[in-house]
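So the chains spell out like this:
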Amino acid sequence: MSQSTPPKSRLYQLRVCDGPSCGVTHESEALVEIAQARIDADPALQGRVGVCSYTCFGRCEDGPNLFVHELSTDDERYEDPDDDVLEEQRGFYPSLDAQKIGRILDEHCKTGEPITDLVDDY
Ligand code: FES
């Protein structure tokens, strides 16, 4: 999906780290459920934004962690991305909580712009 695609048409997959550290220490499964509930309740996100678990971004001490992965095609939802794909995008959000998930969905996933006070280098 190119940068010329209108922000409200872009496809995203929120990849929430579930382990080993993020899942055990930070109960990231609950964060996946929070994100899914917000997506299900918002017509502007439904069908365009998905959420799934991911295994370790290598930033365990900063967890729970999430990556907003912008997809080129809907098929990419079902594959783990290569590290170089994630390194090309600015979508890594550490120290996740329910409030940050809300902002990520309302801001990054609707405007297409990373949230400067929350996003970090991957
Ligand atoms: S377990 Fe989440 S970043 Fe390593």
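Use the structure listed above.
If you're wondering where the values come from, they're calculated on a predicted model, not measured in any experiment.

The rules we used
Residues numbered from 1 in each chain as written. Predicted model: local features only at pLDDT ≥ 70, side-chain atom pairs only at ≥ 80, totals over all residues. Heavy atoms only, no water. Axes fitted to C-alpha atoms, helices over the stretch in contact; angles between N-to-C directions. Helix = DSSP H or I, 4+ residues; strand = E, 2+ residues; numbered from the N terminus. Parallel < 35°, antiparallel > 145°, perpendicular 65-115°, else oblique. Left-handed = near helix turned anticlockwise from the far one by under 90°. Contact = heavy atoms within 4.5 Å. Nonpolar A, V, L, I, M, F, W, Y, C, P; charged D, E, K, R; others polar. Expected span 1.5 Å × (residues − 1). Buried < 20%, exposed > 50% of the residue type's maximum accessible area, 1.4 Å probe, protein only. Arc of directions from axis to C-beta.

K.L.:
How should the packing of helix α2 (residues 28-40) against helix α4 (residues 98-111) be read in this particular structure?
P.N.:
A pair of packed helices can be characterised by two numbers: the angle between their axes and the separation between those axes. Their axes nearest at 10 Å, the elements α2 and α4 cross at an angle of 40°. Our classification of the angle between α2 and α4 gives oblique. α2 and α4 meet at a crossing whose hand is right-handed. Contacts between α2 and α4 involve L31, I34, A35, R38 and I39 from the first element and A98, I101, G102, L105 and D106 from the second. Tallied by class, residues from the contact of α2 with α4 come to seven nonpolar, one polar and two charged.

K.L.:
Explain α2 to me, please; I cannot follow it from the model alone.
P.N.:
The periodicity of an α-helix, 3.6 residues per turn, causes residues three or four positions apart to be oriented the same way. Here α2 is 13 residues long and its end C-alpha atoms lie 18 Å apart, about the 18 Å a rise of 1.5 Å per residue gives. What α2 keeps buried is the set S28, L31, V32, A35 and I39. Taken around the axis of α2, the buried residues stretch over an arc of 105°, which confines them to a single face. Away from its buried face, by an angle of more than 90 degrees, α2 presents the exposed residues E29 and E33. Lining the buried residues of α2 we find β1 (11-17), α1 (21-26), β2 (49-54) and α4.

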